[in-house]
Amino acid sequence: MITENISTLVNYGIAAGLFDEADKIYTINRLLELFGLDDYEEPQNPEVITNAADFDLEGLLKQMLDYAAEKGILPDDSIVYRDLFDTKVMSLLVPRPSEVISKFQKLYEEQGAKTATDWYYTFSQNTDYIRRYRIARDRKWKADTEYGEMDITINLSKPEKDPKAIAAAKNAKQSGYPKCQLCMENEGYAGRVNHPARQNHRIIPVTIQGNQWGFQYSPYVYYNEHCIVFNSQHIPMKIEHDTYVKLFHFVEQFPHYFVGSNADLPIVGGSILSHDHFQGGNYEFAMAKAPVEKEFTVKGFEDIAAGIVKWPMSVIRLSHKDYNRIIELADVILAKWRGYTDEAAFIFADTDGEAHNTITPIARKRGENYELDLVLRNNITTEEHPLGVYHPHAELHHIKKENIGLIEVMGLAVLPSRLKSELEQLAEAILAKEDLRKNEVLEKHADWVEEFLPKYDHVTKDTVMDIIQKEVGIVFGKVLEHAGVYKRDEAGRAAFQRFIDGL
C-alpha cells in the first residue's frame, strides 16, 4: 500500500506543478529513503490526478502517516508528530527557494502583481503549507449589523495539542532558533514539538523602504490571500513614520492588496510584538466598505480628503493621490494622539510613566487614490476592567475575550474553537427550553439568550442556528464598540471632535 501511496503522491506533485515529469524517479527515491524502503514497483493502474485542488491530499497523507506510525518511524502517533512528519513528506515535492522566487519574479515582471500572487497562493496550498482541508473546517458566516456585513469565523484549523506533546514541549531543550515563527529562518526548518515544521514553506523577498522583507501567506488563512509581510531582521514592532512608509511601499508594489499593522502596545496589539510585520491580502473588509460619516480638513493639508468613518471603533480615513502627503498628515495625527489626554472622555496618554495611546494603521489603493485608515487605540486598564477599558468587557467574554487585533478591527471576528460545540449545544437547549443556568457549559450564555430570544416569535429547528449566528454578529459589533476609544453617542462624538479640532 505504501508504494501505491508514494506513486499517487508523486503524481499529485506533477499535477500540482510542484515538479516536472523529469523529476519523477528522483522524487520517488527520496520518498523511499524517508520511509526506509528498498523496493519499489510502479502500480499497474496508478491514480490519475487532473486537479490538485480537488484531490484528497489529507486522505493520502493519513494513510502514509498510519504506515509511519505502524513501522515506528514516528516517535509518537499524535497530531504534533504527525504534522512534523507529513510536512517532511511534502517537502520532498517542493522546489528550492531560488526556483520559487525566480518563478514569482518572472510572473510579476511579465504579467503583473496579481498574476504572481495568484500563482504563489495556489502554490502555497498545493505544497500543503496552507492545509486546504483544515481551513475548510473553520465555521464562517456573515452577519448584518448597523455597520455593514461583518465576517464571523470560528477557528478550527489550528490543531489542538495532545497532553503528551504538551509535556514533551515543556521538557524539550529550549532553542532560540528560529527566534520566532515570523523569522526568515523558518523557511525549510524541520520544526520540533514546540515549533511547527516549515520544510514546505517558501518566502518571497520584497524590498520595503530599501530593506529586505519577506512576503508569505498565513498557514491559517482567515480571509482570501491572507498574507504576512515581515522584516528580515527580528526587531520589535513600532508604529512610527517609517511604518506608514513601509505600508505604502508594499501597496505600491501590490496595489490589489491592502496591508495593515497591529498596534505596538500590549492588549491592543493582538499579535507577535517582538517581530516587525504586517498583515494584508486580497479582501475587502466591512471597515473598508464603511463610508466616511463626517469630513474634516486639517490646516496645511487642505488637499487631503479626511474624515471620520462610520465604524464602531474610532477611525480616521485619509485619501490622496500622493501617499507621501498622506504620510505627512498621518505623522501629525500619530504625534498628537501619542500625547493626547482628555480626562472627560477617560483617555490618558500615560499613567505612572506607562504609555497608552497608539494607532492601528491600514493602507490600500482605491482607484487613483491611496487611502490610510488610522484606528485610534488605548490600552489603559482599571480594577473594573483589568483586561482593558477599550477591550471587550466581561459581559461579552462568553463570545470573545481575546485581544482585538488588526483582523478584528477591520470587521472579521476570529472566535475561539470552543464556540462550535457550545453554539450547537445552545441551539438544542433553546429548542428544548432548558434552563441554561443549570448547564455548566452553557450557563455563561444565559443572560445573552434571555436578552435576544424574546425578539423572535417562532424559533424552530430550521431557524435556531441562523438566529444564534445573527446574534453572535451583533455581539461582535458590541465587542468593537467596547474597543472604540470614542463611543458612538453624543458625548463620544463631541470628544472625538475635540481631538480633531486639536489637529
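Given the structure is predicted, the values throughout are model-derived calculations rather than measurements.

Running from N to C, helix α3 (residues 57-70) and helix α4 (residues 79-91) point in directions that differ by 110°, and their axes come no closer than 10 Å. What the angle tells us is that α3 and α4 run roughly perpendicular. The handedness of the crossing between α3 and α4 is right-handed. Here α3 contributes L57, L61, K62, M64, L65, D66 and A68 to the contact with α4, which in turn contributes R82, F85, D86, V89 and M90. Residues that form the contact of α3 with α4 fall into these classes: 8 nonpolar, no polar and 4 charged.

Moving on, we come to the sheet that holds strand β5 (residues 227-231). Spatially, 10 strands are ordered β3-β4-β5-β7-β6-β13-β14-β10-β9-β8 in an open sheet, and the strand pairing comes out antiparallel. At either margin of the open sheet sits one strand with a lone partner, and together these are β3 (204-208) and β8 (292-296). Adjacent strand axes in the sheet meet at a mean angle of 25° when their direction is disregarded. As paired elements, strand β9 (residues 305-309) and strand β10 (residues 315-320) share 4 bridges and run antiparallel to each other. Bridging from a neighbouring strand, A305 pairs with S319 of β10. On top of the sheet, helix α6 (residues 113-126) reaches β3 and β4 (211-217); it is set at about 60° to β4, its chief contact. Seen against the sheet, helix α11 (residues 323-338) touches β10, β13 (357-366) and β14 (369-378) and runs at an angle of roughly 10° to β14.

Right, let's get into the pairing of β10. Of all 6 residues making up β10, 6 are buried, and the element is well covered by its neighbours. In β10, alternate side chains face the same way, and those of V315, R317 and S319 on one face and I316, L318 and H320 on the other are all buried. The hairpin turn running from β9 into β10, its antiparallel successor, is 5 residues long. Direction of pairing for β10 relative to β14: antiparallel, over a ladder of 6 bridges. Of the residues in β14, the one forming a bridge with I316 is L374.

As a further point, take the layout of surface pockets. One water molecule sets the probe size; rolling that probe over the atoms shows where empty space is left. In this structure, the second largest pocket occupies an estimated 510 Å³ of space. Around the second largest pocket, the lining comprises 21 residues; the ones closest to its centre are L18, V94, P95, R96 and E99. Breaking the lining of the second largest pocket down by element, the ones donating at least two residues are α2 (24-34), α5 (97-111) and α6. No other element matches α5, which puts 4 residues into the lining of the second largest pocket. Here the lining of the second largest pocket is built from residues that sort into 11 nonpolar, 3 polar and 7 charged.

Right, let's talk about the side chain of E371 for a bit. Relative to the helices and strands, E371 is located in strand β14. Owing to a relative accessible area of 8%, E371 belongs among the buried residues under this scheme. Within the local environment of E371, its side chain forms a polar contact with the side chain of R364, the two groups lying 2.8 Å apart. Within polar-contact distance, the side chain of E371 engages the side chain of R366 at 2.9 Å. With residues near it in sequence (within four places) discarded, E371 still touches F248, R317, L318, S319, I326, I362, A363, R364 and R366.

Spatially, 3 strands are ordered β1-β2-β15 in an open sheet, and the strand pairing comes out mixed. Each end of this open sheet is capped by a strand with a single partner; those strands are β1 (139-145) and β15 (412-415). Across this sheet, the average inter-strand angle for adjacent strands is 25°, counted without regard to direction. Sheet topology note: the β1/strand β2 (residues 148-154) ladder contains 7 bridges and is antiparallel. Within β2, the residue paired with T145 across the bridge is G148.

Below, the discussion takes up the nonpolar core. Within the largest apolar cluster, 98 residues are counted, with the highest numbers of intra-cluster contacts made by I6, L9, Y12, F35, F215, L318 and Y486. Top element by residues in this core is α11. It accounts for 8 residues. Among all residues touching F215, those that are not within four sequence positions of it are F104, T117, Y120, I203, I204, V206, C227, I228, V229, F230, F250 and Y257. Within the second largest apolar cluster, 52 residues are counted, among which are I154, F258, W448 and A483.

Tracing the backbone shows N45 in the loop between α2 and α3. The exposed category is assigned to N45, whose relative accessible area is 71%. Along the primary structure N45 and G59 are separated by 14 residues, whereas in three dimensions their C-alpha atoms are 19 Å apart.

Looking now at the pattern of salt bridges. Think of it this way: side chains of opposite charge can pair up when their charged atoms draw near. All chains considered together, the criterion is met by 36 salt bridges. Among the ionic pairs, D66 bridges to K62, the shortest N-O distance being 2.9 Å. Of the two residues, D66 and K62 are both situated in helix α3; the distance of 4 residues between them amounts to about one turn of the helix. Residue class for D66 comes out partly exposed when judged on its relative accessible area of 31%.

Cut-offs applied
- Residues numbered from 1 in each chain as written.
- Predicted model: local features only at pLDDT ≥ 70, side-chain atom pairs only at ≥ 80, totals over all residues.
- Heavy atoms only, no water.
- Axes fitted to C-alpha atoms, helices over the stretch in contact; angles between N-to-C directions.
- Helix = DSSP H or I, 4+ residues; strand = E, 2+ residues; numbered from the N terminus.
- Parallel < 35°, antiparallel > 145°, perpendicular 65-115°, else oblique.
- Left-handed = near helix turned anticlockwise from the far one by under 90°.
- Contact = heavy atoms within 4.5 Å.
- Nonpolar A, V, L, I, M, F, W, Y, C, P; charged D, E, K, R; others polar.
- Pairing = 2+ DSSP bridges.
- Buried < 20%, exposed > 50% of the residue type's maximum accessible area, 1.4 Å probe, protein only.
- 1 Å grid on protein atoms, 1.4 Å probe; cavity = no way out; pocket = protein on both sides within 12 Å on 5 of 7 lines; lining within 4 Å.
- Points joined across faces, edges and corners; volume = space filled by probe spheres on them.
- Polar contact = N/O pair within 3.5 Å; in protein donor to acceptor, adjacent residues only side chain to side chain.
- Core = buried A, V, L, I, M, F, W, Y, C linked by side-chain atoms within 4.5 Å.
- Salt bridge = Lys/Arg side-chain N within 4 Å of Asp/Glu carboxyl O.

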